[in-house]
Number of protein chains: 2
Amino acid sequence: MTNRITGFHTADVRFPTSRHRDGSDALNPFPDYSAAYLQVETSDGDRGYGFAFTVGRGNDVQLAAIEALRPMVVGRDVEELISDLGAVSASLVGDSQLRWLGPAKGVIHMAASAVLNSLWDLKARRAGLPLWRLLAELPAAELVKAIDFRYLRDALTPAEALDILERAKDGKSERIGTLLANGFPAYTTTPGWLGYDDEKLARLSAEAKRDGFGMIKLKVGLDLDEDRRRLGIARAAVGDLPIGIDANQAWGVDEAIEWVNGLREYEPYWIEEPTSPDDILGHAAVRRAVSPIRVATGEHVHNAVMFKQLLQAQAVDVVQIDACRVGGVNENLAILLMATKFGVAVCPHAGGVGLCELVQHLSMFDYVAVSGTTEGRMVEYVDHLHEHFVDPVVIRDGRYVAPTTPGIGAQLRPESVAEHLYPSGPAWASPPVAREGFDALIGG
Amino acid sequence: MTNRITGFHTADVRFPTSRHRDGSDALNPFPDYSAAYLQVETSDGDRGYGFAFTVGRGNDVQLAAIEALRPMVVGRDVEELISDLGAVSASLVGDSQLRWLGPAKGVIHMAASAVLNSLWDLKARRAGLPLWRLLAELPAAELVKAIDFRYLRDALTPAEALDILERAKDGKSERIGTLLANGFPAYTTTPGWLGYDDEKLARLSAEAKRDGFGMIKLKVGLDLDEDRRRLGIARAAVGDLPIGIDANQAWGVDEAIEWVNGLREYEPYWIEEPTSPDDILGHAAVRRAVSPIRVATGEHVHNAVMFKQLLQAQAVDVVQIDACRVGGVNENLAILLMATKFGVAVCPHAGGVGLCELVQHLSMFDYVAVSGTTEGRMVEYVDHLHEHFVDPVVIRDGRYVAPTTPGIGAQLRPESVAEHLYPSGPAWASPPVAREGFDALIGG
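This section reports on the structure supplied with the text. (Residues numbered from 1 in each chain as written. Chains lettered and ligands numbered in written order. Predicted model: local features only at pLDDT ≥ 70, side-chain atom pairs only at ≥ 80, totals over all residues. Heavy atoms only, no water.)

Here the focus is the sheet that holds strand S3 (residues 47–54) of chain A. Residue and element names in this part refer to chain A. Sheet architecture is open: three strands sit in the order S1-S2-S3, paired in antiparallel fashion. Every interior strand has two partners, whereas the edge strands, strand S1 (5–14) and S3, have only one. Mean inter-strand twist for the sheet, computed between neighbouring axes without regard to direction, equals 15°. Relative to S3, strand S2 (residues 34–42) runs antiparallel, the two sharing eight bridges. Residue pairing across strands places glutamate 41 opposite arginine 47, the latter belonging to S3. (Pairing = 2+ DSSP bridges. Helix = DSSP H or I, 4+ residues; strand = E, 2+ residues; numbered from the N terminus. Axes fitted to C-alpha atoms, helices over the stretch in contact; angles between N-to-C directions.)

This is the structure in structure tokens:
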């Protein structure tokens, strides 16, 4: 009998992280890290997991969008689906009615991402490989076929993509060996949340350096004097270790330029999200004005067309892909290939719930089979919520250890799902601390 | 007792337009025009109406997003809300958790639009004025205060906005008189849907010219030879009347250039949506390559930051605002002001369900109190579904008659809502014609 998708189970999973102000930044003072979680199941009993990450309110809207994609997956032949995930992507992202809700952006696009990632997870599990290795071993033509080039050809043709992948075959097995031995570089955002006091900032910064991370990152953008003070504390704690700063879209273009230049003496390695993620020309203007401080963005850049333009306009030094924001593994393949063509480093956004678990695979694949280098590359690391995953990331000497278990790493522990189901789970039995009143005060 | 928002009622209203292929284009072969409909109510018994427009599937997701905004409106003091709609906009668009779902794009932004528009409707009704007139008579400072300039200042400062509005006071009352006497220019898309046969195309094109419309518009982008043939039929039917063409995002950048230049002999007035609505640099490239054919876009341009860049990059000749896509009246104010500053004509997108009813107000306000001219300006008109509105648009001699009834025009007739409630309404009792199989065939 044909193996079909028989199960499509969603869950609203929220972690009450706002109670401790983990994850606080200029625009997210009180996030409750959440997953609009998806499990697909086949008649043979195989499973695949995916999710969209949100920061609390609206996780139910995100779930409704994933549910809207259910009819395009359930009942389908598994072999047919996972042997041509480019066609699946086209059907999800291009549905003639649902595309009005985007197109290819926001809630409906993150829903497509969750579904596509769950199918890549299914494919990797059936192959018995971690995603990074599955991707590295797929024929180049199959990878290229997974990409929608409709709006990308003026920056990257299928032939150019194929060429990049073919060239990277040189030395691939050596790089796999190196990766398995040494892991992949990481940086940490753990010390730098706005809600932490000076002692905690200094202590966590020093620990990050001692632990071997390649960079620490500090949230900035609420108060310039405060930022200078906090950067001073961090700089004293880490010496010449790179310090990235992250404004989380707090500024307009001119304000970004002035503010970042006001922090120049602390030699930030990059300024992340200086302004609206939609403002390609704005990022280009900021980059011209703050050089040699690098410009990084991407966690809110909604699709490959936007990344294409950031590259075409020379608006960024660092591309920050996100595993769940754009249309899944498929669209991230396109972004990795474009970044390589334009010679720009990819340093993924992570943290949140499970973003580290997922995105590490994409960077490892990039190193092994696309860019062929770790030069200037690091994956963000935040030490939140990993304990809830069946295959949590492992950090050793400030680097991500290459996963060897099959899949993309998105599976939550069943107990964690039950505990954090919103609003019925035990974690939500006690009401969250009163906080709405503070949002306005601190710029949220 | 304080007058508060006490009611927030939503409804999933869908019209089975796909049964007749009204509204068919290159990427929307079978739309079911729909409204995620909202009625707010005050303790004094006043009402305001708004909606987000979708094309069928996903209208439930859109409704879920509107519901997510309920707590930010219900219980609030009405005077406080409608006297500072800029603050309301900031709270809806900037909510520190919900903004992750955008920010300012897709489902969650269209939800903000529905809520803001319902409050502008409430404000206009309480003032006893149609929206265009309410806006034209508000103090310039209040209009400027309604706008979020955070990411716009590099293109338009509050002082520049104020200056544009102050300068337009000159001649305003004469223009109000002219508008009330002559209406506002319109063009029609009625003849040009892809699903119509040649006879219907020729007949409706000739009728449009006879009826006095300023332009007709044809859908293109599925087959170049077909487009040439259909443009030939339309050109023969209308003589030298302008013909716009609309690709609905069918092409990549290079393909757009080649295709449009292949239609040059029919002298199209503009090419609309030649490529992805996100591709600012792509539109600029197309514009440089197809001149003097104008480039128009906007119905899927998701916020003012994107419009800002289309103007900065000289990527468009025509800005096509949509009443429900961006963040309501507030964000459209910003776009109108930027377009005036950059000297670019605004020709709104309309059609769908109720988009004509809403957006006419914005163009009339633009003429009366912002740009001060109708030169090169037209509002799209499609003769679908107006009968379902309490205050349907009135077209006379190919022009929109200025509405005089209070509000923004978003109120559906209660019988129409009941008839078209999805999925329980009588209109959905008979299943829609089988059509999914055809989507793939014709590019959907």
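Any two aromatic rings considered together are summarised by their centre-to-centre distance and by the angle between their planes. For the structure on display, the rule yields 22 aromatic pairs over all chains. Between A:Tyr269 and A:Trp270, the aromatic rings sit 6.0 Å apart at their centres with planes inclined by 50°, giving tilted as the arrangement. Like A:Trp270, A:Tyr269 is buried. Consider the rings of B:Tyr187 and B:Trp270, whose centres lie 5.3 Å apart with planes at 90°: the pair is edge-to-face. Taken together, the residues B:Tyr187 in strand S4 (residues 184–192) and B:Trp270 in strand S7 (residues 270–272) connect sequence positions 83 residues apart. (Phe/Tyr/Trp six-rings, centres within 6.5 Å; stacked < 30°, edge-to-face > 60°. Buried < 20%, exposed > 50% of the residue type's maximum accessible area, 1.4 Å probe, protein only.)

It is worth spelling out the interface of chain A and chain B at this point. Contacts between the two partners involve 62 residues from chain A and, on the opposite side, 62 residues from chain B. Summed over both sides, the interface of chain A with chain B buries roughly 5,100 Å², with 55% coming from carbon and sulfur. The largest contributions to the chain A side of the interface with chain B come from A:Gln97, A:Trp100 and A:Leu101, which together make up 18% of the buried area. Joining chain A to chain B, the criterion identifies six salt bridges. The residue B:Lys105 makes a salt bridge to A:Asp278 at a minimum N-O spacing of 3.1 Å. In this structure, the connection of chain A to chain B is made through 32 residue pairs in polar contact (both at pLDDT 80 or more). Secondary structure elements with two or more residues in the side of chain A that touches chain B: S3, helix H1 (59–68), helix H4 (106–127), helix H11 (253–261), helix H12 (280–290) and helix H13 (304–312) of chain A. The residue makeup of the side of chain A that touches chain B, split by class, is 26 nonpolar, 21 polar and 15 charged. (Contact = heavy atoms within 4.5 Å. Buried area = accessible area lost by both parts, 1.4 Å probe. Salt bridge = Lys/Arg side-chain N within 4 Å of Asp/Glu carboxyl O. Polar contact = N/O pair within 3.5 Å; in protein donor to acceptor, adjacent residues only side chain to side chain. Nonpolar A, V, L, I, M, F, W, Y, C, P; charged D, E, K, R; others polar.)

This next bit is on the side chain of B:Thr297. Residues and elements named next belong to chain B. Looking at where threonine 297 falls in the secondary structure, it is placed in strand S8 (residues 294–297). By relative accessible area, which is 1% here, threonine 297 ends up buried. When sequence neighbours within four positions are dropped, the list of residues in contact with threonine 297 reads Glu273, His283, Phe307, Leu310, Val316, Val318, Val319 and Gln320.

For the rest of this paragraph, the subject is the pairing of S1(A). Look at any regular strand and the pattern is simple: side chains alternate between the two faces of the sheet. Residues and elements named next belong to chain A. The element S1 is extensively covered by neighbouring structure, given that seven of its ten residues are classed as buried. Judged from the nine bridges that link them, S1 and S2 form a sheet pairing that is antiparallel. Counterpart to phenylalanine 8 in the pairing with S2 is valine 40.

All names here are of chain B. Taken N-terminus to C-terminus, the directions of helix H3 (residues 85–94) and helix H4 (residues 106–127) make an angle of 160°; their axes are 10 Å apart at the nearest point. Accordingly, the angle class assigned to the pair H3 and H4 is roughly antiparallel. H3 and H4 meet at a crossing whose hand is right-handed. For the pair formed by H3 and H4, the contact residues are Leu85, Val88, Ser89, Leu92 and Val93 on the first element and His109, Ala112, Val115, Leu116, Leu119, Trp120 and Lys123 on the second. Counted by class, the contact of H3 with H4 contains nine nonpolar, two polar and one charged residues. (Parallel < 35°, antiparallel > 145°, perpendicular 65-115°, else oblique. Left-handed = near helix turned anticlockwise from the far one by under 90°.)

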